[in-house]
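# Per-entry structural report
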Amino acid sequence: MAKAEKQVTEAELKALEERRRAEQVRERAKREREKAQLGTLWSRRDFMGRLGWGVFGAFAGITLLGFMRSAFPRILFQPPTTFKAGLPKDFTVGEISEKFKKDFRVWIIRTEEGFYALFAKCTHLGCTPRWLAAETKFKCPCHGSGFYKTGINFEGPAPRPLERLRITLAEDGQIVIDKGVKYLYEKGDWTKPGAFLKFSA
Ligand code: FES
């Protein structure tokens, strides 16, 4: 009898234990579900918050860009077209001065009567010719065009003379070259004032 009672108690205990385990499993599952629901809610809130900040950031960025653009208007900075070349006495009669060729692509030629300035750009395809003192001519290294000291073309494919540039005297007595004003031989410009600077020492 005592043995039977003991067996019943063990069976009951086992059943109790299983119920307890099942209860725990249910409880755990319930907690998981609640956690998942809470997580979805927060991640939705996070997303909305981030979206809001993103829109705000984009708007602020565009406004700032607009402000900066208005502070720096589009201006094309170009080098000045004029430069001072020194005093007439700095040049020797008969000289082809190459002092300004590297920086300004300009030759200044001193004659008995005064000065003229030639643009050192070949009228064929734009190469920079060289002054060959021994042959008293400008020679283009690209396709062989040749120009007299005056700038007139005489050999090679160049279709027209070199261009002359405006040359004047500033108030301080210095020679001023303006590369923005060109004088073309074929248009009869070389006789115009500015194409030649009369000067006698
Ligand atoms: S560019 Fe000078 S000869 Fe062709």
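Everything in this summary refers to the structure shown in the same document. Being a predicted model, the structure only gives us computed values, none of them experimental. (Residues numbered from 1 in each chain as written. Predicted model: local features only at pLDDT ≥ 70, side-chain atom pairs only at ≥ 80, totals over all residues. Heavy atoms only, no water.)

## A word on the overall build of the protein
On a plain count of helices and strands, the protein comes out with 2 helices and 11 strands. Looking at the 201 residues of the protein, the share that counts as buried comes to 27%. In the protein, the proportion of contacts linking residues at least 24 apart, taken out of those at least 6 apart, comes to 45%. When the accessible surface of the protein is totalled, it reaches about 14,500 Å², and 60% of it is carbon and sulfur. (Helix = DSSP H or I, 4+ residues; strand = E, 2+ residues; numbered from the N terminus. Buried < 20%, exposed > 50% of the residue type's maximum accessible area, 1.4 Å probe, protein only. Contact = heavy atoms within 4.5 Å. Areas by Shrake-Rupley, 256 points an atom, 1.4 Å probe, with all protein chains shown as cover.)

## Quick notes on the sheet that holds strand S5 (residues 130-132)
One open sheet accounts for 4 strands, arranged S5-S6-S7-S8; its pairing is antiparallel. The outermost strands of the open sheet, each flanked by one partner alone, are S5 and strand S8 (153-155). In the sheet, strand S7 (residues 146-147) pairs with S8 via 2 bridges, with the strands oriented antiparallel. In the sheet register, Gly146 faces S8, and the bridge partner there is Glu155. (Pairing = 2+ DSSP bridges.)

## Observations concerning the state of the cysteines
The tally for this structure, following the rule as stated, stands at 1 disulfide. Shown here is the disulfide that connects Cys127 with Cys142, its sulfur atoms set 1.9 Å apart. On the sign convention where negative is left-handed, the bridge of Cys127 and Cys142, at about -95° about the S-S bond, is left-handed. Of this pair, Cys127 sits in the loop between strand S4 (114-119) and S5 while Cys142 sits in the loop between strand S6 (137-139) and S7, placing them 15 residues apart in sequence. (Disulfide = S-S within 2.5 Å.)

## Quick look at the side chain of Ser97
As for its placement among the helices and strands, Ser97 is situated in strand S2 (residues 96-97). A residue is classified by how much of its surface remains accessible, and Ser97, at 1% relative accessible area, is buried. Here Lys99 takes part through its backbone nitrogen, which lies 3.3 Å from a polar atom of the side chain of Ser97. Setting aside anything within four residues of it in sequence, one finds Ser97 in contact with Phe91, Val106, Trp107 and Ile108. (Polar contact = N/O pair within 3.5 Å; in protein donor to acceptor, adjacent residues only side chain to side chain.)

## Let's talk about the environment of Leu165
Locating Leu165 in the fold gives a position in strand S9 (residues 164-169). With a relative accessible area of 0%, Leu165 lands in the buried category. As a C-alpha pair, Leu165 and Ile177 span 12 residues in sequence and 6.8 Å in three-dimensional space. Excluding residues within four positions of it along the chain, Leu165 makes contact with Val106, Ala117, Leu118, Phe119, Ile177, Asp178, Lys179, Val181, Lys182, Tyr183 and Gly194.

## Thoughts on the pattern of salt bridges
Summed over the entire model, instances satisfying the criterion amount to 13 salt bridges. Arg160 is the partner of Glu163 in a salt bridge, and the nearest nitrogen-oxygen pair spans 2.9 Å. Of the residues examined, Arg160 reaches a relative accessible area of 25% and is grouped as partly exposed. For Asp189, the salt bridge identified is with Lys192, shortest N-O distance 3.0 Å. Residue classification places Asp189 among the buried residues on the basis of a relative accessible area of 9%. With a relative accessible area of 43%, Lys192 lands in the partly exposed category. In this structure, a network of salt bridges that share partners links the residues Glu135, Lys137, Lys139 and Glu155. (Salt bridge = Lys/Arg side-chain N within 4 Å of Asp/Glu carboxyl O.)

## A short note on the packing of aromatic side chains
According to the stated counting rule, one finds 10 aromatic pairs in the structure shown. Measuring from ring centre to ring centre gives 6.4 Å for Phe100 and Phe104, while their planes differ by 50°; the resulting arrangement is tilted. According to the relative accessible area criterion, Phe100 is buried, its value standing at 11%. Taking relative accessible area as the criterion, Phe104 reaches 27% and is therefore assigned partly exposed. Ring geometry for Trp131 and Phe138: centres 4.8 Å apart, planes at 55°, overall tilted. Here the aromatic cluster, defined as three or more aromatic residues joined through ring pairs, consists of Phe83, Phe100 and Phe104. (Phe/Tyr/Trp six-rings, centres within 6.5 Å; stacked < 30°, edge-to-face > 60°.)

Without other data, these values stay purely geometric and don't point to any function.
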